[in-house]
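Geometric and topological summary
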Amino acid sequence: MAKEPCRNNVTIAGLVVSNPQYSHSSRRGTTYYKLMLAVKRKSGTDDVIPVSFSEDVLDPNDDYEGRYLRFCGEYRSRNKFYGGKNHLVLAVYADNAEVSEEEYVNDIEIDGFVCRPTIFKQKPSGKKVAEVMIAANRSYGGTSYIPCILWNNAAEMANGFEVGDRFAFRGRIQSRNYNKKFEDGTSETRTAYELSVFHFEKIEEGEDESNS
């Protein structure tokens, strides 16, 4: 019996910066392709976000680079094994695509269960940040694991989250570059993707409790 699905809605619009490439095939036999979409923040910084889709949504052989597209769908994760380890791969999975005006949209609403203890930090600047991992059940029985970031007062509240608590989060998907250092002294630049939360509600059994 499939688990109760969690809400998972994404609307994203921006500039295509790379054309579609083959991504992977699902166990159900669906072939997915991936393109990269640059979505500008109010600060002017670009979040470059992977968008996965099937041929039913968008022709993977067309040339989209330099065009503005709008996608609606879900934010999902999958495991990919490389370098001797399992890695969490995150992407927007689109079930609808259309040509967009020159605009940027980055909006996600998702609910799920806290699945590991919160990591709480205070940066040298004084900013407080909490890292929360949630597990969101899919309608067909799978689960997506979504890393979430909360700031300042919200971060302090998140520090009290318990594993198994269910929350609804609203925010934006962000990309963040960091340097990965290796034992031999070398390093490489990698990109992390996470949900930057600006509103959340705790979901109680049979009712919603608002916390913002």
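Reference entry: report on the structure contained in this document. (Residues numbered from 1 in each chain as written. Predicted model: local features only at pLDDT ≥ 70, side-chain atom pairs only at ≥ 80, totals over all residues. Heavy atoms only, no water.)

1. As for the pairing of strand E1 (residues 8-25)
- In the sheet, E1 pairs with strand E6 (residues 105-114) via 6 bridges, with the strands oriented antiparallel. Of the residues in E6, the one forming a bridge with alanine 13 is valine 105.
- For E1 and strand E2 (residues 31-40), the ladder comprises 7 bridges, and the chain directions are antiparallel. Note that in E2 the partner of valine 16 across the bridge is leucine 37.
- In this antiparallel pair of consecutive strands, E1 and E2, the connection spans 5 residues, and glycine 29 shows a positive phi of 90°. (Pairing = 2+ DSSP bridges. Helix = DSSP H or I, 4+ residues; strand = E, 2+ residues; numbered from the N terminus.)

2. A word on unusual backbone geometry
- Although it is not a glycine, asparagine 152 adopts a positive phi angle of roughly 50°.
- Mapped onto the secondary structure, asparagine 152 falls in helix H1 (residues 152-158).

3. Here's the deal with the pattern of salt bridges
- Under the counting rule described, the total for this entry stands at 15 salt bridges.
- We note a salt bridge from aspartate 46 to lysine 40, for which the minimum N-O separation is 3.0 Å.
- For glutamate 188, the salt bridge identified is with arginine 190, shortest N-O distance 2.7 Å. (Salt bridge = Lys/Arg side-chain N within 4 Å of Asp/Glu carboxyl O.)

4. Focus: a negative patch on the surface
- Taken together, Glu55, Asp56, Asp59, Asp62, Asp63 and Glu65 make up a surface patch of like negative charges.
- Along the chain, aspartate 63 falls in the loop between strand E3 (46-53) and strand E4 (68-82).
- Residue class for aspartate 63 comes out partly exposed when judged on its relative accessible area of 48%. (Patch = residues over 30% accessible without salt bridge, like charges linked within 9 Å, V, L, I, M, F, W, Y side chains within 5 Å. Areas by Shrake-Rupley, 256 points an atom, 1.4 Å probe, with all protein chains shown as cover. Lys, Arg positive; Asp, Glu negative; His and termini not counted. Charge placed at Lys NZ, Arg CZ, Asp CG, Glu CD. Buried < 20%, exposed > 50% of the residue type's maximum accessible area, 1.4 Å probe, protein only.)

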